[in-house]
Amino acid sequence: MAACVGKTTLIKKIHENLVKEGFQCNGFFTEEVRSNGHRIGFDVITTDKNRGQLARVSDNSNDVPVSRQTNFKVGQYTVNISSFELTALPSLYYPTKTKEERKLIYLVDEIGKMELFSQSFIQAVKKLMSQTNVYLIATIPVPKGRPLALVEELRNNPLSHVVQVTHQNRNSILSEVMTLVHSVVASQVT
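Let me sum up the structure you'll find in this document. (Residues numbered from 1 in each chain as written. Predicted model: local features only at pLDDT ≥ 70, side-chain atom pairs only at ≥ 80, totals over all residues. Heavy atoms only, no water.)

## Overview of the side chain of Thr47
Following the sequence through the fold, Thr47 ends up in the loop between strand E2 (38–46) and strand E3 (51–56). Looking at Thr47, the relative accessible area reads 14%, which means it is buried. Separated by 3.2 Å, the side chain of Thr47 and the backbone oxygen of Cys25 make a polar contact. Non-local contacts of Thr47, meaning those with residues more than four positions away in its chain, are made with His15, Cys25, Asn26, Gly27, Phe28, Phe29 and Leu107. (Helix = DSSP H or I, 4+ residues; strand = E, 2+ residues; numbered from the N terminus. Buried < 20%, exposed > 50% of the residue type's maximum accessible area, 1.4 Å probe, protein only. Polar contact = N/O pair within 3.5 Å; in protein donor to acceptor, adjacent residues only side chain to side chain. Contact = heavy atoms within 4.5 Å.)

## Digging into unusual backbone geometry
Backbone torsion omega between Asp109 and Glu110 reads 20°, so that peptide bond is classified as cis. Mapped onto the elements of the fold, Glu110 is located in the loop between strand E6 (104–109) and helix H3 (119–130). Even without glycine at this site, Asn36 takes up a positive phi of about 50°. Using a relative accessible area of 75% as the deciding quantity, one classes Asn36 as exposed. With phi around 75°, Lys49 is a residue other than glycine that occupies positive phi space. With respect to the helices and strands, Lys49 occurs in the loop between E2 and E3.

## Here we look at helix H2 (residues 81–88)
Of the positions making up H2, those classed as buried are Ile81, Ser83, Phe84, Thr87 and Ala88. Along H2, the residues classed as buried sweep out an arc of 165° about the axis, all on the same side. Where H2 is buried, its residues meet strand E1 (25–35), E2, E3, strand E5 (77–79) and H3. (Arc of directions from axis to C-beta.)

## Remarks on the pattern of salt bridges
Scanning all chains against the criterion turns up nine salt bridges. Its salt-bridge partner being Glu110, residue Lys7 comes within 3.2 Å of it at the nearest N-O pair. Here Lys7, found in helix H1 (residues 7–20), pairs with Glu110, found in the loop between E6 and H3; they are 103 residues apart in sequence, far enough to count as distant. Residue Glu110 is classed as buried on the basis of its relative accessible area, which comes to 17%. Lys12 is the salt-bridge partner of Glu31, the closest N and O atoms lying 3.4 Å from each other. Taken together, the residues Glu31 in strand E1 and Lys12 in helix H1 connect sequence positions 19 residues apart. Taking the relative accessible area as the measure of exposure, Glu31 reaches 25% and is therefore partly exposed. Here the residues in one salt-bridge network are Lys12, Glu31, Asp43, Arg51 and Arg56, joined through shared partners. (Salt bridge = Lys/Arg side-chain N within 4 Å of Asp/Glu carboxyl O.)

The values reported here are purely geometric and, on their own, carry no functional implication.
Quick look at the structure:
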């Protein structure tokens, strides 16, 4: 899925539809945090409603303080790796004892520069990608600048289906994506 045109809204709608249909989904969404009309950062919210800080404009936030152990930055944002990992990683847990025929759906919004500072996140996503009974629905950035290794691995995986969200299709693409999800998951309720 592509840049800043509604991919989080789309993945949330996909989640709502899958839950209505009886599917169980794990994972997380990324949400903007705004103050006085300005974006001051991002939080992650898991499918079971846990919230944690991903990044803030500065470390002077009144929310969860940005970890002093790291100084990972993307533009004006300082990434809070410890909060991100504490919130997001449990939602990506792959049960070691699961029946291979049981289909598991994971939603990841997004796999981008901020999230990729976490080696634990990279390993969790790679583990999910390696499982034959896992369906990973993820948002990824449009390629620009230096490629992100995990994003390119996903984008170029022969089992991946990449759908670009644009301003023109963002309000109509849900049915196309749900048809794709149903064809891939083969309508097996988990």
